Amino acid sequence: QVQLVESGGGLVQPGGSLGLSCAASGSGFSSNVMGWYRQAAGKERELVASIATRPWTRIYADSVKGRFAISRDDAKNTLFLQMNNLKPEDTAVYYCNRALVPYYTWGQGTQVTVSS
């Protein structure tokens, strides 16, 4: 079973940038379509970006298209999310996981707060 540990969140002003990382332990990471999810307070968890295996096709939610970039390093079992031009509505706990069911056990997530 793969275990996921997200990191890189924090407090940032509107218009700022943050880079998130997700370290996956165990086997199987490189053969899966992976995604970044977020859950804002009082809202459902939503998938904001996904990346397939080679040739690494990427899909983004409309709300983050042009601002967020997902990438992966299969040699290091790591998933990344570069977030630019952040907005207050990006405030949420961010998680990584498979983009398709069945999901791995969810990690603890990393909090991103966009506020002045």
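These figures come from a predicted structure and were not determined experimentally. (Residues numbered from 1 in each chain as written. Predicted model: local features only at pLDDT ≥ 70, side-chain atom pairs only at ≥ 80, totals over all residues. Heavy atoms only, no water.)

A.B. asks: With reference to specific residues and values, describe the environment of Leu11.
C.D. replies: Along the chain, Leu11 turns up in strand E2 (residues 10–12). Owing to a relative accessible area of 67%, Leu11 belongs among the exposed residues under this scheme. Not counting chain neighbours up to four residues away, the residues in contact with Leu11 comprise Thr113 and Ser115. (Helix = DSSP H or I, 4+ residues; strand = E, 2+ residues; numbered from the N terminus. Buried < 20%, exposed > 50% of the residue type's maximum accessible area, 1.4 Å probe, protein only. Contact = heavy atoms within 4.5 Å.)

A.B. asks: Explain the state of the cysteines residue by residue, including any values.
C.D. replies: A complete count under the given rule lists one disulfide for this structure. Put simply, Cys22 and Cys96 are joined by a disulfide, and their sulfur atoms are 1.8 Å apart. Classification of the bridge connecting Cys22 and Cys96 rests on its S-S torsion, roughly 50°, and on that basis the disulfide is right-handed. Taken together, the residues Cys22 in strand E3 (residues 18–25) and Cys96 in strand E9 (residues 92–98) connect sequence positions 74 residues apart. Given the relative accessible area of 0%, Cys22 is considered buried. The class of Cys96 is buried, set by a relative accessible area of 0%. (Disulfide = S-S within 2.5 Å.)

A.B. asks: Tell me what's going on with the sheet that holds strand E8 (residues 78–83), and back it up with residues and numbers.
C.D. replies: The sheet built from four strands is open, its strands ordered E1-E3-E8-E7 with antiparallel pairing. Each having just a single partner strand, strand E1 (3–7) and strand E7 (68–73) make up the two edges of the open sheet. Between one strand and the next, the sheet's axes are offset by a mean angle of 15°, whatever the strand orientation. Two elements, E3 and E8, share six bridges in a ladder whose sense is antiparallel. (Pairing = 2+ DSSP bridges. Axes fitted to C-alpha atoms, helices over the stretch in contact; angles between N-to-C directions.)

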